[in-house]
Amino acid sequence: APGWCNPDVDLKSLAQHRKQHRRTLDGRLCAAAFVQDQQVYTDCTSAANPSGEVGRPWCYVEPQVASSGVSWGNCAPSVDYTALREQVAQEAPGREASARALVARLAHAEQVVWDTVDRLKKRCS
């Protein structure tokens, strides 16, 4: 029998091995697997959405995040976490050095302020 004949069984097994956690444009979590027009999907699809529109990636949302009866939404772009990790690994050392330099400048500025407060206290006493 085709997979869509008994979607509950097939969807449960598909949902256990979610490849990525996609979200809708409004931030709701996409369902790990869903059926639309007798076709099983495990990711956002550009097939006709429940409103009949074609071409924009969309998904059904996890039941616990469906709000006010709206059970689907257009998908936000997917994130390439491997590329993002590589970018962070390359940029982090330089940003750490910049942050340390800023902390040192702030510490110096704080000391100047406290020295000024001490001088004012001595003059006003």
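Above this text is the structure in question.
A brief structural summary.

The rules behind each value
Residues numbered from 1 in each chain as written. Predicted model: local features only at pLDDT ≥ 70, side-chain atom pairs only at ≥ 80, totals over all residues. Heavy atoms only, no water. Core = buried A, V, L, I, M, F, W, Y, C linked by side-chain atoms within 4.5 Å. Buried < 20%, exposed > 50% of the residue type's maximum accessible area, 1.4 Å probe, protein only. Helix = DSSP H or I, 4+ residues; strand = E, 2+ residues; numbered from the N terminus. Contact = heavy atoms within 4.5 Å. Phe/Tyr/Trp six-rings, centres within 6.5 Å; stacked < 30°, edge-to-face > 60°. Bend = angle between axes of the 7 residues up to and from the residue. Polar contact = N/O pair within 3.5 Å; in protein donor to acceptor, adjacent residues only side chain to side chain. Disulfide = S-S within 2.5 Å.

**Points about the nonpolar core**
Counting residues in hydrophobic clusters, the biggest one holds ten residues: Cys 30, Ala 31, Phe 34, Tyr 41, Cys 44, Trp 58, Cys 59, Tyr 60, Trp 72 and Cys 75. Of the residues forming this core, the biggest block, three residues, is contributed by strand E3 (residues 58-60). Sequence-distant contacts of Cys 59, that is, excluding residues within four places in its chain, are made with Thr 24, Cys 30, Phe 34, Cys 44, Ser 71, Trp 72, Gly 73 and Cys 75.

**Some details on unusual backbone geometry**
A positive phi angle, near 50 degrees, is found at Asp 37, a position not held by glycine. Looking at where Asp 37 falls in the secondary structure, it is placed in the loop between strand E1 (34-36) and strand E2 (39-41). We classify Asp 37 as exposed; its relative accessible area is 62%. The residue Gln 38 is not glycine, and still its phi comes out positive at about 65 degrees. With respect to the element layout, Gln 38 can be found in the loop between E1 and E2.

**A short note on the packing of aromatic side chains**
Applying the stated rule across the entire model yields five aromatic pairs. Plain terms: the ring middles of Phe 34 and Trp 58 are 5.4 Å apart, the flat faces sit at 45 degrees to each other, and that makes the pair tilted. Linking Phe 34 in strand E1 with Trp 58 in strand E3, this pair joins segments that are 24 residues apart in sequence. For Phe 34, a relative accessible area of 4% puts it in the buried group. We classify Trp 58 as buried; its relative accessible area is 0%. Here the aromatic residues Phe 34, Tyr 41, Trp 58, Tyr 60 and Trp 72 are joined through ring pairs into a cluster of three or more.

**Comments concerning helix H2 (residues 81-124)**
Helix geometry: H2 is bent most strongly at Ala 92, by close to 40 degrees, with proline Pro 93 lying one to four residues after it. The backbone nitrogen of Thr 82 has a side-chain oxygen 3.3 Å away, supplied by the residue at the start of H2, namely Asp 80.

**Section: the state of the cysteines**
Scanning the model with the defined rule gives two disulfides in all. In this model Cys 30 forms its disulfide with Cys 59; the gap between the sulfur atoms is 2.1 Å. Looking along the S-S bond of the Cys 30-Cys 59 disulfide, the torsion reads about -70 degrees, which is the left-handed sense. Linking Cys 30 in the loop between helix H1 (7-15) and E1 with Cys 59 in strand E3, this pair joins segments that are 29 residues apart in sequence.

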